[in-house]
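Fold and contact review
Each chain, written out:
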Amino acid sequence: SRARDDALSEVVGFVLILGVLVIVMSLYQLYVVPAQGREDEIAHLNTIKDQFVSTKTSMDSLWINNQSGITISTSYQLGTLGGYSSGGGITMPLLSPIGSTAKIALNMRESNLQRVENFTITTNATSVPGNYPINFTMGKLAYISDNNYWIQQTYCYQMGGVFLKQDDGITARVSPVLSIYKVGDSQATIRMAAIALRGGGEIGGGTPVRVDTRLMEMSEYKVTRDVEWVNLTVDVANREYAEAWLKVFNDTIRRGNIPDDWWTFGISGDDTRGQAYVNITGSSAGSIDDVSLYVTRADFAVYLQNVAGA
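Report on the accompanying structure. This one's a predicted model, so the numbers in the text were calculated from it and none came from an experiment. (Residues numbered from 1 in each chain as written. Predicted model: local features only at pLDDT ≥ 70, side-chain atom pairs only at ≥ 80, totals over all residues. Heavy atoms only, no water.)

So, on to the overall build of the chain. Within the chain one finds two helices and 17 strands. Looking at the chain as a whole, 43% of its 310 residues qualify as buried. Counting contacts in the chain only where the partners sit at least 6 residues apart, residues at least 24 apart contribute 73% of the total. Total accessible area on the chain is roughly 15,600 Å²; 53% of this is exposed by carbon and sulfur atoms. (Helix = DSSP H or I, 4+ residues; strand = E, 2+ residues; numbered from the N terminus. Buried < 20%, exposed > 50% of the residue type's maximum accessible area, 1.4 Å probe, protein only. Contact = heavy atoms within 4.5 Å. Areas by Shrake-Rupley, 256 points an atom, 1.4 Å probe, with all protein chains shown as cover.)

This next bit is on the environment of Ala194. Note on placement: Ala194 falls in strand β10 (residues 187–198). C-alpha separation for the pair Ala194 and Pro176, spaced 18 residues apart in sequence, amounts to 9.9 Å.

Take the sheet that holds strand β7 (residues 161–166) next. Reading across from one edge, β8-β7-β6-β5-β2-β11 is the order of the six strands in this open sheet, with antiparallel pairing throughout. Two strands in the sheet have a free side with no partner beyond their single neighbour: β8 (169–174) and β11 (201–205). The mean angle between the axes of side-by-side strands here comes to 15 degrees, regardless of whether they run parallel or antiparallel. In the sheet, strand β2 (residues 101–106) pairs with β11 via five bridges, with the strands oriented antiparallel. Paired with Ile104 across the two strands is Ile203, which belongs to β11. (Pairing = 2+ DSSP bridges. Axes fitted to C-alpha atoms, helices over the stretch in contact; angles between N-to-C directions.)

Another point: the pairing of β8. Pairing geometry for β7 and β8, over five bridges, is antiparallel. Across the sheet, Leu164 pairs through a bridge with Thr171, a residue of β8. Hairpin connection of β7 to β8: two residues between the antiparallel strands.

Taken as a whole and assessed by the stated rule, the structure comprises two cavities of 30 Å³ or more. When its volume is computed, the largest cavity comes out at roughly 40 Å³. What lines the largest cavity is Thr55, Met59, Leu141, Tyr157, Leu197, Val211, Thr213 and Val302. Secondary-structure elements contributing two or more residues to the lining of the largest cavity are α1 (8–64) and β12 (208–215). The class makeup of the residues in the lining of the largest cavity is six nonpolar, two polar and no charged. (1 Å grid on protein atoms, 1.4 Å probe; cavity = no way out; pocket = protein on both sides within 12 Å on 5 of 7 lines; lining within 4 Å. Points joined across faces, edges and corners; volume = space filled by probe spheres on them. Nonpolar A, V, L, I, M, F, W, Y, C, P; charged D, E, K, R; others polar.)

For the structure shown, the criterion picks out seven aromatic pairs. Measuring from ring centre to ring centre gives 6.0 Å for Phe119 and Trp245, while their planes differ by 65 degrees; the resulting arrangement is edge-to-face. Here Phe119, found in strand β3 (residues 118–123), pairs with Trp245, found in helix α2 (residues 239–255); they are 126 residues apart in sequence, far enough to count as distant. Since its relative accessible area comes to 0%, Trp245 is described here as buried. Note on Trp245 and Phe249: the rings are 5.9 Å apart at their centroids and 50 degrees apart in plane angle, and the pair reads as tilted. Taken together, the positions of Trp245 and Phe249, both in helix α2 and four residues apart, correspond to about one turn of that helix. What links up through ring pairs into an aromatic cluster is the set Phe119, Phe136, Phe163, Trp245 and Phe249. We note Lys140 situated over the ring of Tyr241; from NZ or CZ to the ring centre the distance is 4.0 Å. When the ring centre of Tyr294 is taken as origin, the NZ or CZ atom of Arg191, which lies over that ring, is 3.9 Å away. (Phe/Tyr/Trp six-rings, centres within 6.5 Å; stacked < 30°, edge-to-face > 60°. Lys NZ or Arg CZ within 6 Å of the ring centre and 35° of its normal.)

The subject of this paragraph is the pattern of salt bridges. Where charged atoms of side chains with opposite charge meet at close range, the side chains can pair. Summed over the entire model, instances satisfying the criterion amount to 10 salt bridges. For Asp212, the salt bridge goes to Arg210, with nearest N and O atoms at 3.0 Å. Judged by relative accessible area, which is 29%, Arg210 ranks as partly exposed. Residue Asp260 is joined to Arg254 by a salt bridge in which the shortest nitrogen-to-oxygen separation is 2.7 Å. On the basis of relative accessibility, which here comes to 52%, the residue Asp260 falls in the exposed class. A relative accessible area of 45% places Arg254 in the partly exposed class. Counted as one network, the salt bridges with shared partners bring together Arg198, Arg297 and Asp299. (Salt bridge = Lys/Arg side-chain N within 4 Å of Asp/Glu carboxyl O.)

Written out as C-alpha coordinates, the structure reads:
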(Lines give C-alpha, C1' and ligand atoms only; values in the text may rest on other atoms or scores of the structure.)
Protein backbone atom coordinates (compact mmCIF):
# COMPACT_ATOMS: atom_id res chain seq x y z
CA SER A 1 0.00 0.00 0.00
CA ARG A 2 1.17 3.51 -0.60
CA ALA A 3 1.63 6.22 2.08
CA ARG A 4 -1.29 8.61 2.53
CA ASP A 5 -1.68 11.86 4.52
CA ASP A 6 -5.45 12.14 4.72
CA ALA A 7 -5.42 12.90 8.53
CA LEU A 8 -2.68 15.55 8.42
CA SER A 9 -5.06 18.50 8.09
CA GLU A 10 -7.02 17.38 11.20
CA VAL A 11 -3.82 17.12 13.29
CA VAL A 12 -2.57 20.51 12.14
CA GLY A 13 -5.97 22.06 12.87
CA PHE A 14 -6.06 20.57 16.36
CA VAL A 15 -2.55 21.87 17.14
CA LEU A 16 -3.51 25.33 15.88
CA ILE A 17 -6.61 25.32 18.08
CA LEU A 18 -4.46 24.38 21.11
CA GLY A 19 -2.07 27.19 20.27
CA VAL A 20 -4.90 29.72 20.07
CA LEU A 21 -6.29 28.50 23.42
CA VAL A 22 -2.86 28.83 25.06
CA ILE A 23 -2.51 32.37 23.70
CA VAL A 24 -5.99 33.34 24.91
CA MET A 25 -5.38 31.88 28.38
CA SER A 26 -2.02 33.62 28.59
CA LEU A 27 -3.54 36.96 27.68
CA TYR A 28 -6.34 36.36 30.19
CA GLN A 29 -3.83 35.63 32.94
CA LEU A 30 -1.68 38.58 31.96
CA TYR A 31 -4.39 41.24 31.81
CA VAL A 32 -7.76 40.08 33.15
CA VAL A 33 -6.69 38.16 36.28
CA PRO A 34 -4.52 41.01 37.70
CA ALA A 35 -7.26 43.53 36.94
CA GLN A 36 -9.84 41.37 38.73
CA GLY A 37 -7.48 40.82 41.67
CA ARG A 38 -6.76 44.54 41.87
CA GLU A 39 -10.47 45.36 41.93
CA ASP A 40 -11.04 42.76 44.67
CA GLU A 41 -8.26 44.19 46.83
CA ILE A 42 -9.39 47.80 46.32
CA ALA A 43 -12.96 46.87 47.25
CA HIS A 44 -11.76 44.98 50.31
CA LEU A 45 -9.57 47.84 51.55
CA ASN A 46 -12.48 50.26 51.10
CA THR A 47 -14.48 47.93 53.34
CA ILE A 48 -11.65 47.98 55.90
CA LYS A 49 -11.65 51.79 55.81
CA ASP A 50 -15.38 51.86 56.49
CA GLN A 51 -14.96 49.38 59.35
CA PHE A 52 -12.22 51.50 60.95
CA VAL A 53 -14.42 54.59 60.71
CA SER A 54 -17.32 52.62 62.21
CA THR A 55 -15.10 51.39 65.05
CA LYS A 56 -13.92 54.95 65.70
CA THR A 57 -17.53 56.20 65.82
CA SER A 58 -18.58 53.42 68.20
CA MET A 59 -15.63 54.07 70.53
CA ASP A 60 -16.37 57.79 70.54
CA SER A 61 -19.97 57.10 71.54
CA LEU A 62 -18.75 55.10 74.56
CA TRP A 63 -16.53 57.77 76.08
CA ILE A 64 -18.84 60.64 75.12
CA ASN A 65 -21.68 58.92 76.99
CA ASN A 66 -19.38 57.57 79.73
CA GLN A 67 -20.46 53.98 79.09
CA SER A 68 -17.60 52.24 80.89
CA GLY A 69 -17.66 48.45 80.94
CA ILE A 70 -19.49 48.21 77.60
CA THR A 71 -17.77 46.05 74.96
CA ILE A 72 -18.12 46.61 71.23
CA SER A 73 -16.97 44.08 68.64
CA THR A 74 -15.93 44.40 65.00
CA SER A 75 -14.99 41.51 62.70
CA TYR A 76 -12.26 42.17 60.13
CA GLN A 77 -11.62 39.84 57.18
CA LEU A 78 -7.85 39.48 56.75
CA GLY A 79 -7.27 39.93 53.03
CA THR A 80 -9.37 38.76 50.10
CA LEU A 81 -8.63 35.08 50.63
CA GLY A 82 -11.94 34.48 52.35
CA GLY A 83 -14.47 36.65 50.62
CA TYR A 84 -13.31 37.93 47.24
CA SER A 85 -11.19 35.33 45.42
CA SER A 86 -12.63 32.35 43.56
CA GLY A 87 -11.20 29.14 42.28
CA GLY A 88 -13.17 26.34 43.83
CA GLY A 89 -15.64 23.99 42.20
CA ILE A 90 -15.30 23.73 38.44
CA THR A 91 -13.56 27.10 38.06
CA MET A 92 -9.95 26.77 36.94
CA PRO A 93 -7.61 28.21 39.61
CA LEU A 94 -5.30 29.50 36.90
CA LEU A 95 -8.05 31.83 35.70
CA SER A 96 -8.76 33.33 39.14
CA PRO A 97 -6.75 35.89 41.17
CA ILE A 98 -4.73 34.66 44.10
CA GLY A 99 -6.33 35.66 47.38
CA SER A 100 -4.31 38.07 49.52
CA THR A 101 -3.70 37.92 53.26
CA ALA A 102 -3.19 40.58 55.93
CA LYS A 103 -2.67 41.01 59.65
CA ILE A 104 -4.19 42.95 62.54
CA ALA A 105 -1.63 44.34 64.99
CA LEU A 106 -2.27 46.00 68.34
CA ASN A 107 0.52 48.12 69.83
CA MET A 108 3.23 46.33 67.85
CA ARG A 109 6.28 48.34 66.87
CA GLU A 110 7.45 48.33 63.27
CA SER A 111 11.06 48.19 64.48
CA ASN A 112 12.81 47.25 67.72
CA LEU A 113 14.46 50.66 67.65
CA GLN A 114 11.19 52.56 67.75
CA ARG A 115 9.88 54.23 70.86
CA VAL A 116 6.51 53.65 72.45
CA GLU A 117 4.11 56.16 70.87
CA ASN A 118 3.23 58.82 73.43
CA PHE A 119 1.19 62.01 73.63
CA THR A 120 2.41 64.68 76.05
CA ILE A 121 0.57 67.79 77.26
CA THR A 122 2.51 70.45 79.14
CA THR A 123 1.49 73.89 80.43
CA ASN A 124 2.92 76.53 82.74
CA ALA A 125 0.27 75.52 85.30
CA THR A 126 2.39 72.82 86.96
CA SER A 127 0.94 73.63 90.38
CA VAL A 128 -2.69 73.38 89.20
CA PRO A 129 -4.45 70.02 89.86
CA GLY A 130 -4.61 68.03 86.67
CA ASN A 131 -1.51 65.78 86.76
CA TYR A 132 0.57 67.98 84.46
CA PRO A 133 2.51 67.21 82.49
CA ILE A 134 0.07 64.64 81.09
CA ASN A 135 1.95 61.85 79.34
CA PHE A 136 0.12 58.79 78.09
CA THR A 137 0.78 55.98 75.64
CA MET A 138 -1.69 56.36 72.78
CA GLY A 139 -1.56 52.83 71.43
CA LYS A 140 -2.37 51.88 67.85
CA LEU A 141 -4.63 49.34 66.14
CA ALA A 142 -3.38 48.60 62.61
CA TYR A 143 -4.62 46.59 59.64
CA ILE A 144 -1.58 45.76 57.47
CA SER A 145 -2.29 44.45 53.96
CA ASP A 146 -0.27 41.85 52.04
CA ASN A 147 -1.74 42.50 48.59
CA ASN A 148 -0.77 40.62 45.44
CA TYR A 149 -2.06 43.11 42.85
CA TRP A 150 -2.65 46.49 44.54
CA ILE A 151 -0.37 48.81 46.51
CA GLN A 152 0.22 47.94 50.16
CA GLN A 153 -1.93 49.91 52.59
CA THR A 154 -2.05 50.14 56.36
CA TYR A 155 -5.04 51.54 58.21
CA CYS A 156 -4.39 52.68 61.79
CA TYR A 157 -6.65 53.82 64.59
CA GLN A 158 -4.81 56.11 67.00
CA MET A 159 -6.07 58.72 69.49
CA GLY A 160 -9.51 58.78 67.90
CA GLY A 161 -8.19 59.25 64.35
CA VAL A 162 -7.91 56.92 61.35
CA PHE A 163 -4.61 57.11 59.46
CA LEU A 164 -3.78 55.62 56.05
CA LYS A 165 -0.22 54.61 55.20
CA GLN A 166 0.75 53.71 51.64
CA ASP A 167 3.57 54.19 49.14
CA ASP A 168 3.35 57.98 48.96
CA GLY A 169 3.19 58.61 52.71
CA ILE A 170 0.74 58.78 55.61
CA THR A 171 -2.42 60.85 55.89
CA ALA A 172 -5.26 61.20 58.36
CA ARG A 173 -8.48 59.92 56.77
CA VAL A 174 -10.37 60.87 59.95
CA SER A 175 -8.89 63.49 62.26
CA PRO A 176 -8.13 62.61 65.91
CA VAL A 177 -10.35 63.98 68.67
CA LEU A 178 -8.75 67.41 68.95
CA SER A 179 -10.12 70.95 68.60
CA ILE A 180 -8.17 74.20 68.86
CA TYR A 181 -10.17 77.34 68.28
CA LYS A 182 -10.32 81.07 68.93
CA VAL A 183 -12.70 82.53 71.52
CA GLY A 184 -13.19 86.28 71.46
CA ASP A 185 -10.29 88.53 70.58
CA SER A 186 -7.52 86.94 72.63
CA GLN A 187 -8.56 83.56 74.02
CA ALA A 188 -7.53 80.19 72.59
CA THR A 189 -9.30 77.03 73.71
CA ILE A 190 -8.10 73.43 73.35
CA ARG A 191 -10.49 70.51 73.75
CA MET A 192 -9.32 66.94 73.27
CA ALA A 193 -9.78 63.35 74.35
CA ALA A 194 -6.74 61.49 75.67
CA ILE A 195 -7.60 58.10 74.11
CA ALA A 196 -5.34 55.19 74.98
CA LEU A 197 -5.50 51.58 73.74
CA ARG A 198 -4.40 48.93 76.25
CA GLY A 199 -3.32 45.47 75.15
CA GLY A 200 -1.11 43.94 72.50
CA GLY A 201 -0.58 41.18 69.96
CA GLU A 202 -1.10 40.44 66.29
CA ILE A 203 -2.98 37.92 64.14
CA GLY A 204 -2.21 37.26 60.49
CA GLY A 205 -3.52 35.09 57.68
CA GLY A 206 -6.74 35.02 55.70
CA THR A 207 -9.37 34.31 58.34
CA PRO A 208 -11.66 36.79 60.10
CA VAL A 209 -10.42 38.46 63.28
CA ARG A 210 -12.69 39.93 65.93
CA VAL A 211 -11.59 43.08 67.70
CA ASP A 212 -13.28 43.58 71.09
CA THR A 213 -13.01 47.02 72.66
CA ARG A 214 -14.13 47.94 76.19
CA LEU A 215 -14.13 51.37 77.81
CA MET A 216 -12.33 51.09 81.14
CA GLU A 217 -13.19 52.80 84.41
CA MET A 218 -11.19 56.01 84.62
CA SER A 219 -10.73 59.26 86.47
CA GLU A 220 -11.28 62.51 84.59
CA TYR A 221 -8.48 64.95 83.99
CA LYS A 222 -9.06 68.39 85.46
CA VAL A 223 -10.08 71.38 83.38
CA THR A 224 -7.33 73.98 83.21
CA ARG A 225 -8.36 77.53 82.42
CA ASP A 226 -6.37 80.71 81.86
CA VAL A 227 -2.82 79.42 81.46
CA GLU A 228 -0.04 81.18 79.57
CA TRP A 229 0.67 78.40 77.09
CA VAL A 230 -0.10 74.78 76.23
CA ASN A 231 2.25 72.46 74.36
CA LEU A 232 1.02 69.29 72.60
CA THR A 233 3.70 66.78 71.55
CA VAL A 234 3.45 63.38 69.85
CA ASP A 235 6.31 60.88 69.89
CA VAL A 236 5.53 58.30 67.19
CA ALA A 237 7.01 55.47 65.12
CA ASN A 238 8.91 57.49 62.52
CA ARG A 239 9.10 60.86 60.80
CA GLU A 240 6.31 59.92 58.34
CA TYR A 241 3.83 59.49 61.18
CA ALA A 242 5.12 62.72 62.77
CA GLU A 243 4.44 64.57 59.49
CA ALA A 244 0.88 63.22 59.47
CA TRP A 245 0.37 64.45 63.03
CA LEU A 246 1.87 67.84 62.19
CA LYS A 247 -0.68 68.18 59.39
CA VAL A 248 -3.42 67.26 61.89
CA PHE A 249 -2.23 70.06 64.19
CA ASN A 250 -2.03 72.52 61.31
CA ASP A 251 -5.48 71.63 59.90
CA THR A 252 -7.07 71.83 63.36
CA ILE A 253 -5.62 75.28 64.01
CA ARG A 254 -6.67 76.56 60.58
CA ARG A 255 -10.23 75.34 61.13
CA GLY A 256 -10.28 77.11 64.51
CA ASN A 257 -9.25 80.49 63.01
CA ILE A 258 -6.17 80.73 65.24
CA PRO A 259 -3.94 83.64 64.08
CA ASP A 260 -0.45 82.69 62.97
CA ASP A 261 1.26 84.60 65.79
CA TRP A 262 -0.64 82.63 68.45
CA TRP A 263 1.16 79.35 67.85
CA THR A 264 4.43 77.68 66.81
CA PHE A 265 5.14 74.16 65.65
CA GLY A 266 8.04 71.86 64.80
CA ILE A 267 9.02 68.37 63.70
CA SER A 268 12.03 66.08 63.99
CA GLY A 269 12.86 62.42 63.53
CA ASP A 270 14.03 59.67 61.18
CA ASP A 271 13.08 56.08 60.26
CA THR A 272 13.04 54.89 63.89
CA ARG A 273 11.29 57.76 65.67
CA GLY A 274 9.38 60.95 64.94
CA GLN A 275 8.25 63.88 67.03
CA ALA A 276 5.86 66.72 66.21
CA TYR A 277 4.63 69.50 68.48
CA VAL A 278 2.44 72.58 68.52
CA ASN A 279 2.67 75.32 71.15
CA ILE A 280 -0.38 77.55 71.73
CA THR A 281 0.25 80.90 73.45
CA GLY A 282 -2.81 83.00 72.65
CA SER A 283 -2.67 86.62 71.57
CA SER A 284 -0.14 87.80 74.15
CA ALA A 285 2.56 85.15 73.64
CA GLY A 286 2.63 84.13 77.30
CA SER A 287 2.38 87.48 79.07
CA ILE A 288 -1.32 87.02 79.96
CA ASP A 289 -3.20 83.83 80.85
CA ASP A 290 -5.40 83.43 77.78
CA VAL A 291 -5.32 79.71 76.91
CA SER A 292 -7.83 77.18 78.26
CA LEU A 293 -7.45 73.41 78.12
CA TYR A 294 -10.14 70.71 78.46
CA VAL A 295 -8.96 67.09 78.41
CA THR A 296 -11.22 64.04 78.60
CA ARG A 297 -9.59 60.75 79.47
CA ALA A 298 -10.62 57.54 77.68
CA ASP A 299 -8.77 54.26 78.24
CA PHE A 300 -9.84 51.24 76.19
CA ALA A 301 -9.00 47.58 76.73
CA VAL A 302 -8.65 45.93 73.31
CA TYR A 303 -8.60 42.18 72.60
CA LEU A 304 -7.88 40.31 69.35
CA GLN A 305 -9.50 36.94 68.69
CA ASN A 306 -9.52 34.53 65.75
CA VAL A 307 -12.96 33.81 64.31
CA ALA A 308 -13.54 30.52 62.52
CA GLY A 309 -14.34 31.08 58.86
CA ALA A 310 -17.09 29.34 56.97
